[in-house]
Amino acid sequence: MNRYARRCLLASGHPLCPFLAILTAVLFTMATFHPFVSCCSLLCAVLLYGLLSSARQAAKRAAFSLFAAVLFGVLNAFLSHRGATVLVTLWGMPFTLEAALAGVCAALSFCAAVCWFSSFHLLMHSDRIIALSGGLFPTFTLLFCMVLRFVPLFSRRAEQIAQAQDAAFGQGRRTKPARFAGVFSILITWALENGIDTADSMHARGYGTARRTNSGAVRLHRRDAVFLAAFSLCAAGAFAVLFTGKLSVWFYPVFFVFPADKTTLTGFLCSFFLFAAAPLSTAWEVIRWRFLR
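About the cut-offs
- Residues numbered from 1 in each chain as written.
- Predicted model: local features only at pLDDT ≥ 70, side-chain atom pairs only at ≥ 80, totals over all residues.
- Heavy atoms only, no water.
- Helix = DSSP H or I, 4+ residues; strand = E, 2+ residues; numbered from the N terminus.
- Contact = heavy atoms within 4.5 Å.
- Axes fitted to C-alpha atoms, helices over the stretch in contact; angles between N-to-C directions.
- Parallel < 35°, antiparallel > 145°, perpendicular 65-115°, else oblique.
- Left-handed = near helix turned anticlockwise from the far one by under 90°.
- Nonpolar A, V, L, I, M, F, W, Y, C, P; charged D, E, K, R; others polar.
- Pairing = 2+ DSSP bridges.
- Phe/Tyr/Trp six-rings, centres within 6.5 Å; stacked < 30°, edge-to-face > 60°.
- Lys NZ or Arg CZ within 6 Å of the ring centre and 35° of its normal.
- Core = buried A, V, L, I, M, F, W, Y, C linked by side-chain atoms within 4.5 Å.
- Buried < 20%, exposed > 50% of the residue type's maximum accessible area, 1.4 Å probe, protein only.
- Salt bridge = Lys/Arg side-chain N within 4 Å of Asp/Glu carboxyl O.
- Polar contact = N/O pair within 3.5 Å; in protein donor to acceptor, adjacent residues only side chain to side chain.
- Expected span 1.5 Å × (residues − 1).

Novice: Would you explain the side chain of T282 in this entry?
Specialist: Looking at the element boundaries, T282 is found in helix α10 (residues 262-292). Residue contacts for T282: discarding those within four places in its chain leaves A5, C8, L10, L48, L51 and L52.

Below you can see the structure in the form of structure tokens.
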């Protein structure tokens with residue numbers, strides 16, 4: 001994570017703030033394929049990821065999203081021939097504008113969700129997940145965090161085993177299936193032994209013998225409460241307009257969105273602040289700490 005972003009509200013405050021902000025943004029993005037909602041969500045998600053990581057990573061995500069939008073639009077127009085507006089006819093198959101727009105909007109929503117979850121990965125590490133849900137679901141939270149830890153750990157250990165095997169026996173003396181079988185066998189043996197060591201360590205420390213306590217207590221400060229109150233207000237307004245159907249969009253047989261009225265503009269405004277709450281709070285801290293340094 002960017003060193004300036006470590007002090008932002010989402011990274012240093014209560015873990016409930018990034019949890020609700022990101023998951024609500026993903027839920028609202030996938031609830032409607034409205035072009036404004038998809039573009040706004042993708043823009044804010046890329047901005048947040050760039051503030052948390054780097055501008056280069058954000059540019060890569062933006063380029064990938066544009067490429068995916070074009071690719072999905074072409075593929076959907078090639079596979080689905082529904083729609084009234086025929087752009088071109090090739091090999092006897094009509095390529096319609098509605099099918100292309102449906103693919104583009106679906107790709108934008110998908111890429112936005114991926115960017116939101118990338119930021120979620122940077123903000124919600126295992127300690128914060130345990131602090132947030134350990135009191136409610138202690139066993140599930142511990143198992144979930146252990147699984148998330150073992151995936152990168154297994155990858156690094158498999159790479160180390162492969163390097164040790166190549167150094168001991170030579171890479172060219174064995175076939176690829178034999179190398180893979182050897183690395184896999186050693187990795188499984190190590191995983192089983194590590195599981196026994198972990199179970200013995202937890203048993204020696206008294207896991208499950210008494211009432212469970214939380215090691216890192218987190219408190220809800222004033223700025224966290226203000227952020228959650230403002231975010232909840234924007235989310236309530238956005239979902240209220242969404243349930244009225246004014247943010248719905250139809251692609252077939254013709255592309256149709258509701259005309260802009262007071263209700264629709266209110267939904268657009270609330271959805272914008274719903275998506276922009278996380279990057280705006282992070283940008284304020286990044287700019288402030290850069291200025292102070």
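Novice: Help me understand the packing of helix α3 (residues 35-52) against helix α5 (residues 97-123), please; the structure alone is not making it clear to me.
Specialist: Any two packed helices are characterised by the angle at which their axes cross and by the distance between the axes. Contact geometry for α3 and α5: axes closest at 8 Å, N-to-C directions at 30°. As the angle between them shows, α3 and α5 are arranged roughly parallel. The two elements α3 and α5 cross, and the hand of that crossing is left-handed. Listed contacts from α5 to P35, S38, C39, S41, L42, C44, A45, V46, L48, Y49 and L52 of α3 are C105, L108, S109, C111, A112, C115, W116, S118, S119, L122 and L123. Split into classes, the residues belonging to the contact of α3 with α5 amount to 17 nonpolar, 5 polar and no charged.

Novice: In this structure, what is going on with the pairing of strand β1 (residues 86-90)? I would like to understand it.
Specialist: For a regular strand, side chains alternate in direction, first toward one face of the sheet and then toward the other. As defined by bridge partners, β1 adjoins strand β2 (residues 93-96) across 4 bridges and the pair is classed as antiparallel. Residue pairing across strands places V86 opposite T96, the latter belonging to β2. Linking two consecutive strands that pair antiparallel, namely β1 and β2, is a turn of 2 residues; a positive phi of about 55° is found at W91 within it.

Novice: Quick question: what am I supposed to make of the packing of aromatic side chains here?
Specialist: Where two aromatic rings form a pair, the distance of their centres and the angle of their planes describe that pair. Applying the stated criterion to the full structure yields 14 aromatic pairs. Among the aromatic residues, ring-to-ring pairing joins F28, W116, F239, F243 and F275 into one connected group. Taking NZ or CZ as reference, R61 lies 4.5 Å from the ring centre of Y49, over its face.

Novice: What is the right way to look at the nonpolar core in this model?
Specialist: Soluble, globular proteins show a tendency: their nonpolar side chains are buried together. With 51 residues, the main nonpolar core has L10, F28, L42, W116, F227, L274 and F275 as its most contacted residues. Of all elements in the fold, only α1 (9-12), α2 (16-31), α3, α4 (55-79), α5, α9 (222-244) and α10 reach the threshold of two or more residues within this core. What L10 contacts, discounting residues up to four positions off in sequence, is C17, P18, L48, L123, R128, F227, A278, S281 and T282. Residues L153, A158, L187 and W190 belong to the second largest nonpolar core, which totals 6 residues.

Novice: Is there a simple way to explain the environment of F33 in this structure?
Specialist: Here F33 is to be found in the loop between α2 and α3. A residue is classified by how much of its surface remains accessible, and F33, at 31% relative accessible area, is partly exposed. In sequence terms F33 and A107 are 74 residues apart; their C-alpha atoms lie 9.6 Å from each other.

Novice: Could you clarify how one ought to interpret the pattern of salt bridges in this entry?
Specialist: Oppositely charged side chains may form a pair once their charged atoms are brought near each other. If you walk through the whole model with that rule in mind, you get 4 salt bridges. Three or more residues joined by partner-sharing salt bridges are found here, namely R223, E285 and R288.

Novice: Please clarify how the side chain of E285 should be interpreted in this entry.
Specialist: Mapped onto the secondary structure, E285 falls in helix α10. Within the structure, the side chain of E285 is placed 3.3 Å from the side chain of R288, a separation counted as a polar contact.

Novice: Where do I start with helix α8 (residues 176-204) in this structure?
Specialist: Helical geometry note: an α-helix holds 3.6 residues per turn, so side chains three or four residues apart project in the same direction. Here α8 is 29 residues long and its end C-alpha atoms lie 42 Å apart, about the 42 Å a rise of 1.5 Å per residue gives. For α8, the set of buried residues is R179, G182, V183, L187 and W190. Packing partners of the buried residues in α8 comprise α7 (138-169). Just downstream of α8, G206 is the residue with a positive phi angle, here 85°.

Novice: Please explain the environment of M30 as it appears in this structure.
Specialist: Structurally, M30 can be placed in helix α2. M30 sits 154 residues away from F184 along the chain, and the two C-alpha atoms are 38 Å apart. Beyond its immediate sequence surroundings of up to four residues, M30 is in contact with S109 and A113.

This is a description of form; function is not addressed.
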